[in-house]
Every structure is written in structure tokens, then in C-alpha cells.
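Residues per chain are reported as follows:
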Amino acid sequence: MVKPSKTAGKAKGGKNVKKQLKVKGGIASRYTTRNQALNRLQLKLADFRRLCILKGIHPREPKKKFKGQHKTYYHVKDINFLAHEPLLEKFRDLRSYERKIKRARAKKAYHAVDRLEEKKPKYGLDHLVKERYPTFLDALRDLDDPLTLAHLFAVLPADKRHGIPAEVLLESRKLSLEFQSYVTKVHALRKVFISVKGIYYQAVVHGQEITWLTPHALAQTLPEDVDYRVMLTFLDFYTSMLGFVNYKLYFDQGLRYPPVLDTRLEDAAGGIVAVIHDLADRMETDKEQGYAGGAKKKSAQAKLTESRLATLGDKLAQIGDGEVDEEAEAEAALRAERSDGEDDEEVEEEDELERAISLSAGGDPTAREDAKLCATLFKGMVFFIQRECPRDMMVFIIRSFGGEVCWEGEGSPYDESDGGVTHHVCDRPMEGKMLAQREYVVPQWVCDCANWRILIPCADYKPGIVPPPHLSPFVSKDDEGYTPDYQATLEKLQMQAKAAREGRSLADVSGDAGARMLTAEEEAEEEEREYARDLQREAKGIPYSRALQEGRDHTADSEEEEDDDEEEGSEEEEESDEENSDDEEISDDEENSDDEENSDSEADSEDEDAPKKAKKRKPSRLTHEMAMREKDIIINKRIKEMGEDEEIKAMSYTLLPRKKRELYKAMQLGLAKKEARVNELKERAKKLKKDGVMDEKGRLLPATAEAKKTKKKKK
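Residues numbered from 1 in each chain as written. Predicted model: local features only at pLDDT ≥ 70, side-chain atom pairs only at ≥ 80, totals over all residues. Heavy atoms only, no water.

(A) Summary view of the overall build of the protein chain. Of regular secondary structure, the protein chain possesses 30 helices and 11 strands. In the protein chain, buried positions account for 30% of the 715 residues. In the protein chain, the proportion of contacts linking residues at least 24 apart, taken out of those at least 6 apart, comes to 58%. (Helix = DSSP H or I, 4+ residues; strand = E, 2+ residues; numbered from the N terminus. Buried < 20%, exposed > 50% of the residue type's maximum accessible area, 1.4 Å probe, protein only. Contact = heavy atoms within 4.5 Å.)

(B) Representation of the pairing of strand β9 (residues 404–407) in the model. In terms of strand pairing, strand β8 (residues 382–385) meets β9 through 4 bridges, oriented parallel. Of the residues in β9, the one forming a bridge with F383 is V405. The handedness of the β8 to β9 crossover, carried by helix α18 (residues 391–400), is right-handed. (Pairing = 2+ DSSP bridges. Right-handed = clockwise from strand over helix to strand, strands pointing away.)

(C) Quick look at the environment of D448. With respect to the element layout, D448 can be found in helix α19 (residues 443–452). In contact with D448, not counting residues within four places along its chain, are I456, Y461 and H470.

(D) Region of the structure containing the confidence of the model for the protein chain. Averaged over every residue, the pLDDT of the protein chain is 75; residues scoring 70 or more account for 63%. Of the regions scoring below 50 in pLDDT, residues 552–562 engages in 11 contacts with residues more than four places distant in sequence or in other chains. Predicted confidence is poor over residues 610–614, with pLDDT under 50, and the contacts of this stretch with residues over four places away or in other chains come to 0 contacts. (pLDDT = per-residue confidence, 0-100.)

(E) Representation of the pattern of salt bridges within the structure. Throughout the structure, instances matching the rule amount to 22 salt bridges. K55 serves as the salt-bridge partner of E131, at 2.8 Å between the closest nitrogen and oxygen. Placement of the pair is E131 in helix α7 (residues 126–132) and K55 in helix α3 (residues 45–55), with a sequence separation of 76 residues. A relative accessible area of 36% means that E131 is categorised as partly exposed. Sharing partners across several salt bridges, the network here consists of D47, R50 and R95. (Salt bridge = Lys/Arg side-chain N within 4 Å of Asp/Glu carboxyl O.)

(F) Examining a negative patch on the surface more closely. On the surface, a cluster of negative charge is contributed by E408, D415, E416 and D418. Along the chain, D415 turns up in the loop between β9 and β10 (423–425). (Patch = residues over 30% accessible without salt bridge, like charges linked within 9 Å, V, L, I, M, F, W, Y side chains within 5 Å. Areas by Shrake-Rupley, 256 points an atom, 1.4 Å probe, with all protein chains shown as cover. Lys, Arg positive; Asp, Glu negative; His and termini not counted. Charge placed at Lys NZ, Arg CZ, Asp CG, Glu CD.)

(G) Examining the nonpolar core more closely. F378, I397 and W445 are the most contacted members of the largest nonpolar core, which totals 89 residues. Top element by residues in this core is helix α11 (residues 228–253). It accounts for 10 residues. Excluding anything up to four places from it in sequence, W445 contacts F378, F383, H423, L455, I456, P457, C458 and Y461. Formed by 6 residues, the second largest nonpolar core is a distinct cluster that contains I101, A104, A112 and V113. (Core = buried A, V, L, I, M, F, W, Y, C linked by side-chain atoms within 4.5 Å.)

(H) Looking closely at the pairing of β8. Covered by surrounding structure in β8 are V382 and F384 together with F383 and I385, the residues of both alternating faces. With 3 bridges connecting them, β8 and β10 associate as parallel partners. Across the sheet, the residue bridging to I385 is V425, located in β10.

(I) Structural context of the packing of helix α10 (residues 166–186) against α11. Packing of α10 against α11 leaves a shortest axis separation of 10 Å and a crossing angle of 30°. α11 is crossed by α10, and the crossing has left-handed handedness. Taken together, the residues of α11 that come into contact with α10 (itself represented by V168, E171, S172, L175, E178, F179, S181, Y182 and V186) are L232, L235, T239, L242, G243, N246, L249, Y250 and Q253. Class assignment for the residues of the contact of α10 with α11 results in 10 nonpolar, 6 polar and 2 charged. (Axes fitted to C-alpha atoms, helices over the stretch in contact; angles between N-to-C directions. Left-handed = near helix turned anticlockwise from the far one by under 90°. Nonpolar A, V, L, I, M, F, W, Y, C, P; charged D, E, K, R; others polar.)

Next up, the structure:
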């Protein structure tokens, strides 16, 4: 075997040539720090942050931070993605242009500053919207944050110190009003909840649930610990995205975009009303011109002409026979014109409603039924909104659910003194000013009716009294495991309304026997059963007053009495057995000798005392549960409380592997915590009802005079 020479690894110059090894991919090759990314992209930190926000790139957390724990890391692929962005050149141009403006301002050349500000280069974000959201449904799924931020900036004041320009606020308000007007037009609103943060809305557009938050209509303050530059960068992208979405929604509905705001109503703080009126006028003009949704439609006059031409042959035949009455013919023609006009309006309304339902619900029959119910909930009702109530919120909710709205001031379609007003929405006592033909309610009634899809009785929502609790429609009782008392009442009303709409009994709609709507025959049978139960109670000697106090039905009484009879029979049998055994023992003792009698008698006395001592014996303090962990105790308790079948299923977890067994234990512990929380809430509600703080419907009662006196004494 030939040995390699010592100079084999050296070059002619005498230097060692290192072997080129393959570089393995590690964490250092997949991640880079923020400073390295800035050096590569040749950007300032502010421009880099803005570019990352617009492109949707976020920092990463590698498993091993090879450059230190206090560094910000990005993926190398994300930085390579940013390196090919056309906005990089725009940002560099803006940076150099700002230097020119700064130089001109330092020289006090204000005319040059104004000229440079006017010619400042601008950039568009349309390509980023198409890049991040390839389809329209992708944009709808991610519309929650854009709507929330747009509604927030729509109510903020312009502030030069924080860098919030007025143009951005006006654009945010315009886009938010456009989206609300579309939701109102297609009746897409589904849920409303008034919280301390603001007002939560949820709408269904093209089958996608969109939830956003709007602040209350109050004076807003700007906190100092918020970076408004970051929020404005997000808003810059969100306004472009909302413009795309609104245009697509309006185009699918056949409406003009952008809608022209009524400046008169906008100056009078009309809000959404200005856009809604413009939408309605535009739809009417489109129908008159024959353009709606890009397709031509026949006008009402053209349809009437065609119907007359179709009956022209019959009229000519009648004229030939001489049997035509001119007055009767004129009346018939007038009736035909009116009926045709009314039928055309009804058909157009139904077509428009069907189109709106198909856009929001799609082909799902359950969703279509819910959408139709939402669109016609307040149909035929006219609401007058008093000035202390939030007008924008009330107009948005009521018109989304098919109602009409009026108010005091400019732009109102109805007058308060009109006889057509059915509901008066106010938030202050109206004693001595209530009209008999109106229902006076607080704004919460509108929200609760919209959430539960029923017209709740107005007696509990009158102004001046404490209303029922405002339950959140975003919380499910199945997830929480707790059902408030007022929610059970609303669910019962909901089932009754559904049964009335479908023409069925409540038992057919839901399997709840306690909320059953009985027919006349069933009520008669129930009365006969109750009469038979009373007769049986009297025969057994149970007074009627005691039966009412105990609140027991016939089945419970019969079961308890049967159990008592069985217990009495078993006790008598045990006593008779004991007496027989005692007699036998006594006879055996008499046959024995006198010495044995004493011993036997002592033994008998001990035997008689034995069961008594056994009954009085205290259980041992050492239990099996003491050797178990708290988790195992909870799980065993839950298994014992289950039925026999469920217990067998639960015991099968012992055959599972260890990891799955631990997962099962964690699941049982979560259920146990939920049940404990539910029991705690129930006990708290019982205590509040017992103390007189809460009524049966869950309303907090106002403090009494005695309670106020006791508080003063304590102070």
C-alpha cells in the first residue's frame, strides 16, 4: 500500500489547501437579525417597519437565538421576499425628497417648500392587496381588524402633534359609512352587543361572518403611550383593502360606487342616513333608466302596455258586439293600472329581498330562513329616536332588520306628530308624556329583539325602570355550561314564535316538555288527571294545602309512598325475624344447665348489644382517597356521578396509553372546573334572589330606602 506523501496537501507556494466541506443548513442559515436585514435592504428602521406591516411580515422566534436573547429575528425567506418589493425604490425616493423639503425649510424658502409638498411622490398599495388576498373570500375573512380600525379613526379628532391628519379621518369615516350602508341594504346584520368598550356588530356577507367593534359616540381622548405611526401604517393598508371590498360588494349588488354623500345631511350629523338615502335614490333612478346590476329591465309603463296589447283582441270583439260600457271599462282600466302598479312594487321588493338573502346566506336553507327572518323582523314598524339615544346605532340596527326610522331634526322621513310612529325609543323617564298608541322602549329592546329574532314584550323595557340583563349573543351556553334565567325565558319565547310561524305546537318544534303548548283536548285531559290526583291524595289523607306547599306531583307522591311501604314492610320482617331468633335462643337456653344458662345469657346479651355497637361504631379516619391525588379524586367523583353506561366507558380509559390517559384526565378536570363555576354562579343567583337584590328575571332591583339608611348609619 502506497503511503501518501507529506507534500500532497500543499500547493506550489507551500500553503495548505483546505477541503471544501458542504455547509449544512442550520438555524443561522434560516434566520437573520433585524440589523442584518436593515444593512441588506439599505433602509432606515421606520421604513423597514412600515414595509413589514404593509407586506404582512412578522418577527420569528427561533429555537436557538444564536446572536443573543435580546435580538429581533426574521426569516431569511421573508427578507428575500422584501428585497424584490417595488416599494423599496419609492421609500428611497421619499427619503431623498424629504431631505430637499428639509433643506428648503432651513433656508426659509417657503414657496419652494409648498411647491415640493405638492409634487411629493406617492405610492399605491393596490398590488399588495391583490398579493395578500388572491380571492375575494380571503379578504372577507380578514375584514374584522380593518373595519374596527376604520371605525376607531372615524371618531378620533385630528391632531397635529400626534401626526393624525384630517384627510385620513375623513377617508376612514367614508369607508365605514359605505360598508354600513351596504349591510343595511342587504339586511346582513345578525348580532349586536353593547359593552363598556363599545358596540360589537356581526354581519354575514357572502357566507362569511364579519365581527367588528365601534366606539361609543362620545368625546375621544388620545393617550400618550400609543404609537400612532404604527396604527396609521396599518390604516394605510386597510383603507386600500376596504376600498377594494366595498367596490366589489356594491358592484355585485348593482349599485353605484362610490356613493355620493348628501352634504346637507352630513353637515347635520346625519351619518349613515346620508348614504342610505343616496343608495335608495340611485336604485330608483337605475330602475327608471333600465339599468340595474348591468342588465336592462322593463319599466312599469312598458309592462302595462304589453298587458293591454295582449287583451286588445278581446276588447275589439266586445266592441263589435256592442256590449261595451264606457264607464265600466274606465273603472276596470283604472283598477288594472293600480293593481299592476302594486303588484310590480311587491314583486320588485320580493326580488330585491331574495337577492339580498342569496348574497348573505347563499344556498343553506337554515341560513336563508334566518336571513329572511332578520330582514322582516321590524317590517311595518316606525321608530322615533329621541335625541339622547345614539342615532347612528339605532338607524343601522333598525333599518338592517326591516324597520323605518325617524327623528327630530333635518333629514327625518317622518314627523314625531305623525300617527304612523309605532315605537318611541328613549332613554329617560317619560311620565305624563306617553301616548297610548305607541310603545315606549329603551335602546336595549331593539338590540335584544335583533339578537333573539323575536319581538320581546315591551313591559320590561319601559323607560324609567331597570331593564333585564343585556345578554351577549357571542357567548354560547353550551361552551359556558350556564344558562341565565332571562336567557331561558327568551329561549321559550323564541320557540313559541317559531311554533307560531310554522303553525305547529311547541312540542313538535322542541322536545322540551316543560315549555309545551297544549291544545284544548290536551288541556282537558290534563285537568282530568289533576282531578284524579287530588282524589287519590284525599283518599290517602294528604291535605290539599300540604300538597300545594310541598309542590309534589302524583308520580313523586306514589313513588315516595311505595318506598315508604317497602321500608315499613322490610322493617316489620326484620323485627319478626329477630323475635323468632330470640325465642329460639331462649328455648335452647332453658334446656341447658344452670351454669350454662348464666354463660349463655351473658353471651346472648353480648350478641344483642353487638349490632347496636356496630351501628354506633365510627368509620375509620384513614380512607382510600387519602392516598390519591386531588386530580384522581375529582375524576373518580365524576365517574361515580355518571350513569352505569357512562361509568363503563369512563373506566375504559385505564387501558389507554399514558399520554392519552393524561389527556383524558385534563379533559375531565376542565369539565369539573366548568361545573364548579356553573354551580357557583347558580348559588350566587339564589343568594341574590333570597336577599331581594335580584328578581326572577335576573334584573337587579334598585336599593330600598332601608338599605340606604343602613349604609348611612354605617358611614
